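Residue-level listing of the chains:
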Amino acid sequence: MRRLIRMSLIVAISLSLLPGCWDIREIQEINYITALGIDFRDGEYMVYAQMLDFSSVAKQESGKATEQIPIWVGRGTGKTLSEAITDIYTTNQQQLSWGHVTALVLTEPVLTAERMNQVFDLTNRSQEIRYTKWIYGTQNRLEELFTTTPFFQLSPLHSLLHEPQESFKQFSFVRPIQFNQFIIRYREKGATVVLPSIHISSANWSENMRQHPLMELSGAFFIQGQKNKGWMSREDISGIRWLASRSARATIEIKKEGDSVGSILFEAPQPAIEVIRQNDVVTYRVKLNVNAMVQHMHRKISLEEMNKLAKQALSDEIVQTFQKASRKNIDPYQLSLHLYRKNPELWKKLNAEGKDVTDESLQDVEVSIRLRFWGQRKNMEN
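So, here is what we can say about the structure in this document. Since the structure is predicted, the reported quantities are computational estimates derived from the model, not experimental observations.

Right, let's talk about the packing of helix H4 (residues 113-125) against helix H7 (residues 179-187) for a bit. Where H4 meets H7, the axes come as close as 13 Å, and the angle between the chain directions of the two elements is 140°. Regarding the angle of H4 to H7, the classification is oblique. Relative to H7, H4 is oriented so that their crossing is left-handed. Contacts between H4 and H7 pair Ala113, Met116, Phe120, Thr123 and Asn124 from the former with Phe179, Phe182, Ile183, Tyr186 and Arg187 from the latter. Partitioning the contact of H4 with H7 into residue classes produces seven nonpolar, two polar and one charged.

Take a look at the structure:
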């Protein structure tokens, strides 16, 4: 009996010494930052923080949304990024959590080497901000971007800003990039960072007969040697998707003598770049194998001719993108990086002379297509 009493006392004392959950905070007691934007104007940094009510997000996920989730956008200014962040804290009403930041948006003035070093220092030293957040550039106002909402009163977490990969897999434009991969390319010799740019468009969708603004990929900024080489529109860089990712997928209208003959869905590209050296002159050959499926046929055409036109359409996209980019001294296909990895000494010599990639560097484009059909071969000649 005494032993039982003694053991009971020991257990009771032990339980009393265990830490409890008295200091735990409810979800509504913490302010969660979900996106971070950085601008630079008039000699000062401006940091914008998108904040969502996660308790409202949780309620929405448990049933159909009846009202729009509120979005708060905070702004802080300072001579340095750390001062701008501190400025946000001065008016904070509750504890701020940075652990849910999934997107970082930079304006064009921030894309200089000096200011990018501050961005890296701020985000890399933080114990909360993720390394895998998506990163974008923009020419829009950050307040407008951060208050743009997706369809059906869904949470902004389901927008292009926070979930870009699903949109790219369905119809590819510019491949989204995460912050850790951005840093690797940014600091790698010969590499060109393709930074997707986003803007707001009201051209395509309306809600109850009213135009609804939505985020859209507008093009990309190109950064090489830690210098911003400039911005190009989505239409001018359509060729980069076929060399950027094997998950790329897009439909192209096939034309003959300026008239449309049909449309083909291209997917699962397998690109390769061959470095061709003749003495100290280097050129490049792009090889592309891709799956394709006929989606629409507008005119009667033979299988052989359709295949030929499809190859030409892809080749034209790749060549035209290179030509437009080279006018701005931009290397859209990482040709310089391929040379650096194959022959670092030659790359060093040619890069110093500005001859590693020129407007005549793309010698040839070879396209191979595995063409399939869906349904009846209407309008297809034997």
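From this point, things continue past the structure.
Generally speaking, a soluble globular protein has its nonpolar side chains buried in company with each other. Core analysis: the biggest nonpolar cluster contains 49 residues, and Trp242, Ile254, Ile264, Phe266, Leu314 and Ile369 have the highest contact counts within it. Every residue in contact with Ile254, bar those within four places of it in the chain, is listed here: Asp259, Ser260, Val261, Gly262, Ser263, Ile264, Met306, Leu309, Ala310 and Ala313. Counting residues in hydrophobic clusters, the runner-up holds 33 residues, among them Val47, Leu81, Val119 and Tyr186.

So, on to the sheet that holds strand E12 (residues 249-256). If you trace the four strands from one edge of the open sheet to the other, you get E12-E13-E14-E16, paired in mixed fashion. Lying at the two open borders of the sheet, with one neighbouring strand each, are E12 and strand E16 (362-373). Adjacent strand axes in the sheet meet at a mean angle of 40° when their direction is disregarded. Pairing between strand E14 (residues 281-297) and E16: eleven bridges, direction parallel. Across the sheet, residue Val290 finds its bridge partner in E16, namely Ile369. Docked against the sheet, helix H10 (residues 335-342) engages strand E13 (259-278) and E14, running at close to 35° with respect to E13.

Summarising burial for strand E7 (residues 192-201): eight of the ten residues are buried, a large majority. Relative to E7, strand E6 (residues 134-138) runs parallel, the two sharing two bridges. Residue Gly137 lies in a different strand from E7, and its bridge partner there is Ser197. Across ten bridges, the pairing between E7 and strand E10 (residues 214-224) is antiparallel. Within E10, the residue paired with Ser197 across the bridge is Gly219.

The next point concerns the packing of H10 against helix H11 (residues 344-353). As a packed pair, H10 and H11 sit with axes 5 Å apart at the nearest point and diverge in direction by 135°. With respect to their mutual orientation, H10 and H11 come out oblique. Residues Ser336, Leu339, Tyr340 and Lys342 of H10 form the contact with H11, whose participating residues are Pro344, Leu346, Trp347 and Leu350. Of the residues belonging to the contact of H10 with H11, the class tally is six nonpolar, one polar and one charged.

With that settled, the discussion passes to the packing of aromatic side chains. The final tally for this structure, using the stated rule, is ten aromatic pairs. Each ring, one from Trp242 and one from Phe266, has its centre 6.0 Å from the other, and the planes form 75°; the classification is edge-to-face. Of the two residues, Trp242 is situated in helix H8 (residues 241-244) and Phe266 in strand E13; the sequence distance between them amounts to 24 residues. In this pair, the class of Trp242 matches that of Phe266, namely buried. These aromatic residues form a ring-pair network of at least three members: Phe120, Phe179, Phe182 and Tyr186. The ring of Phe40 has Arg115 lying over it, and the distance from NZ or CZ to the ring centre is 3.8 Å. The ring centre of Phe179 lies 4.0 Å from the NZ or CZ of Lys133, which sits over that ring.

One pass over the full model with this rule turns up 17 salt bridges. Between Arg372 and Glu267 there is a salt bridge whose closest N-O contact spans 3.3 Å. Separated by 105 residues along the polypeptide, Arg372 in strand E16 and Glu267 in strand E13 bring together distant segments of the chain. Salt bridges sharing common partners tie together Glu274, Arg285, Lys287, Asp364 and Glu366.

Another aspect to go through is the environment of Asp39. Among the secondary structure elements, Asp39 is positioned in strand E1 (residues 30-41). On the accessibility criterion, Asp39 (8% relative accessible area) is buried. Sequence separation between Asp39 and Leu81 is 42 residues; the distance between their C-alpha atoms is 9.8 Å. In this structure Asp39 touches Glu44, Tyr45, Met46, Tyr48, Thr107, Pro109, Val110 and Leu142, once residues within four positions along its chain are discounted. Here Thr107 takes part through its side chain, which lies 2.7 Å from a polar atom of the side chain of Asp39.

In this section: unusual backbone geometry. We note that Glu257 has phi near 55°; this positive angle belongs to a residue other than glycine. In this structure, Glu257 sits in the loop between E12 and E13. Phi at Gln334 takes a positive value of approximately 60°, unusual for a residue other than glycine. Secondary-structure assignment places Gln334 in the loop between helix H9 (303-326) and H10.

Bringing the side chain of Ser197 into the picture now. Among the structural elements, Ser197 can be located in strand E7. Owing to a relative accessible area of 2%, Ser197 belongs among the buried residues under this scheme. A distance of 2.8 Å separates a polar atom in the side chain of Ser197 from a polar atom in the side chain of Ser218. Once residues within four sequence positions are removed from consideration, Ser197 is found in contact with Gly137, Glu216, Leu217, Ser218, Gly219, Ala220, Phe221 and Trp231.

Rules and cut-offs
Residues numbered from 1 in each chain as written. Predicted model: local features only at pLDDT ≥ 70, side-chain atom pairs only at ≥ 80, totals over all residues. Heavy atoms only, no water. Axes fitted to C-alpha atoms, helices over the stretch in contact; angles between N-to-C directions. Helix = DSSP H or I, 4+ residues; strand = E, 2+ residues; numbered from the N terminus. Parallel < 35°, antiparallel > 145°, perpendicular 65-115°, else oblique. Left-handed = near helix turned anticlockwise from the far one by under 90°. Contact = heavy atoms within 4.5 Å. Nonpolar A, V, L, I, M, F, W, Y, C, P; charged D, E, K, R; others polar. Core = buried A, V, L, I, M, F, W, Y, C linked by side-chain atoms within 4.5 Å. Buried < 20%, exposed > 50% of the residue type's maximum accessible area, 1.4 Å probe, protein only. Pairing = 2+ DSSP bridges. Phe/Tyr/Trp six-rings, centres within 6.5 Å; stacked < 30°, edge-to-face > 60°. Lys NZ or Arg CZ within 6 Å of the ring centre and 35° of its normal. Salt bridge = Lys/Arg side-chain N within 4 Å of Asp/Glu carboxyl O. Polar contact = N/O pair within 3.5 Å; in protein donor to acceptor, adjacent residues only side chain to side chain.

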